[in-house]
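# Structure at a glance
The residues making up each chain are set out below.
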Amino acid sequence: RLRSDLDHIQHNDGPRVPGNRTSPELDWSNGDDPFSGVSNDHVEMLVAALRTASDRITVGSTSVAGNDQVKLIRLVGNQDVTDATVDMLIDVVGPNGPVKNGTPICQVREVTLDGTGVSDAKRRELQRALDLRRVKQNDPSLHTVDWSNMDLACDSSAGCGDLSDALKSNQSVTIVDLSSN
């Protein structure tokens, strides 16, 4: 199942492709089957597939690698998924992933990590990266950026400064909550 999902992601297959269960939601949650678990190695393969989608996205006469079909990644219950691979995932789903015309291609809006080995601090970092990318994309469905209780260091380049810069060209976000930091 994982190999098939990775192939669909790598080919940037949309929801109309027969057998594609990855668009818009990739659900690699670990259910009752003890052999269906996902590991850091699987997440590394997912990152590679997202980054190097072989069905290139064409912008004018230029083609850029990336996947713009996956919107939600569920890794619930996979205890072998840890902080070790979340940084690689951030590199693809965050604001510094593949771009076209200066805008990130990735469309992932949520990564669920309940029941994994990922720390709370790394989950918050991932959420900030997703939000920051969506602000840069001027995502019309993103109206609130809630970074409250995220242990922000607003003097760091990876925190409030990047958000402030991204908000300058954003027309959708109307509320930013930085309370309790």
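Notes on the structure in this doc start here. (Residues numbered from 1 in each chain as written. Predicted model: local features only at pLDDT ≥ 70, side-chain atom pairs only at ≥ 80, totals over all residues. Heavy atoms only, no water.)

For the protein chain, the count of helices and strands is five helices and nine strands. Along the chain direction, N to C, the helices and strands of the protein chain fall in the order α-β-α-β-β-β-α-β-β-β-α-β-α-β. Going through the 181 residues of the protein chain one by one, you find that 42% of them count as buried. If you take every contact in the protein chain between residues at least 6 apart in sequence, the share linking residues at least 24 apart comes to 72%. Accessible surface, the protein chain as shown: approximately 9100 Å² in total, 47% of it carbon and sulfur. (Helix = DSSP H or I, 4+ residues; strand = E, 2+ residues; numbered from the N terminus. Buried < 20%, exposed > 50% of the residue type's maximum accessible area, 1.4 Å probe, protein only. Contact = heavy atoms within 4.5 Å. Areas by Shrake-Rupley, 256 points an atom, 1.4 Å probe, with all protein chains shown as cover.)

Restricting attention to buried positions, one finds in helix 3 (residues 83–93) the residues Thr85, Val86, Leu89, Ile90, Val92 and Val93. Taken down its axis, helix 3 places every buried residue within 160 degrees of arc, on the same side. Looking at the buried side of helix 3, the elements it contacts are helix 2 (40–51), strand 7 (110–112) and helix 4 (120–136). (Arc of directions from axis to C-beta.)

Charged atoms that come close allow side chains of opposite charge to pair. Enumeration over the complete set of coordinates arrives at ten salt bridges. The shortest N-O distance in the salt bridge between arginine 74 and glutamate 25 comes to 2.8 Å. Here arginine 74 is found in strand 4 (residues 72–74), whereas its partner glutamate 25 is found in strand 1 (residues 25–27), with 49 residues between them in sequence. For arginine 74, a relative accessible area of 26% corresponds to the partly exposed category. Of the charged contacts in the structure, one is a salt bridge between arginine 109 and aspartate 139, with a shortest N-O distance of 3.8 Å. Of this pair, arginine 109 sits in the loop between strand 6 (103–104) and strand 7 while aspartate 139 is found in the loop between helix 4 and strand 8 (144–146), placing the two residues 30 residues apart along the sequence. On the basis of relative accessibility, which here comes to 33%, the residue arginine 109 falls in the partly exposed class. (Salt bridge = Lys/Arg side-chain N within 4 Å of Asp/Glu carboxyl O.)

A few words on the nonpolar core. Formed by 28 residues in total, the largest nonpolar core has its most connected members in Leu50, Ile73, Leu75 and Val111. Breaking this core down by element, the ones donating at least two residues are helix 1 (2–10), helix 2, helix 3 and helix 4. Sequence-distant contacts of isoleucine 73, that is, excluding residues within four places in its chain, are made with Leu26, Leu46, Leu50, Val108, Glu110, Val111 and Thr112. Of all hydrophobic cores here, the second largest spans eleven residues; its members include Leu142, Trp147, Leu163 and Val173. (Core = buried A, V, L, I, M, F, W, Y, C linked by side-chain atoms within 4.5 Å.)

With that settled, consider the side chain of arginine 128. Its location among the elements puts arginine 128 in helix 4. Nearest to the buried, unbridged arginine 128 among oppositely charged side chains is glutamate 125, at 5.2 Å. Within the local environment of arginine 128, its side chain forms a polar contact with the backbone oxygen of methionine 150, the two atoms lying 3.1 Å apart. When neighbours within four sequence positions are excluded, arginine 128 is seen to be in contact with Trp147, Met150 and Leu152. (Lys, Arg positive; Asp, Glu negative; His and termini not counted. Polar contact = N/O pair within 3.5 Å; in protein donor to acceptor, adjacent residues only side chain to side chain.)

So, about the sheet that holds strand 1. One open sheet accounts for three strands, arranged 1-4-7; its pairing is parallel. Edge positions in the sheet fall to strand 1 and strand 7, since each has one partner strand and no second. In this sheet, neighbouring strand axes are inclined to one another by 5 degrees on average, regardless of whether the strands run parallel or antiparallel. Pairing between strand 1 and strand 4: three bridges, direction parallel. Its bridge partner being in strand 4, leucine 26 is matched across the sheet by isoleucine 73. (Pairing = 2+ DSSP bridges. Axes fitted to C-alpha atoms, helices over the stretch in contact; angles between N-to-C directions.)

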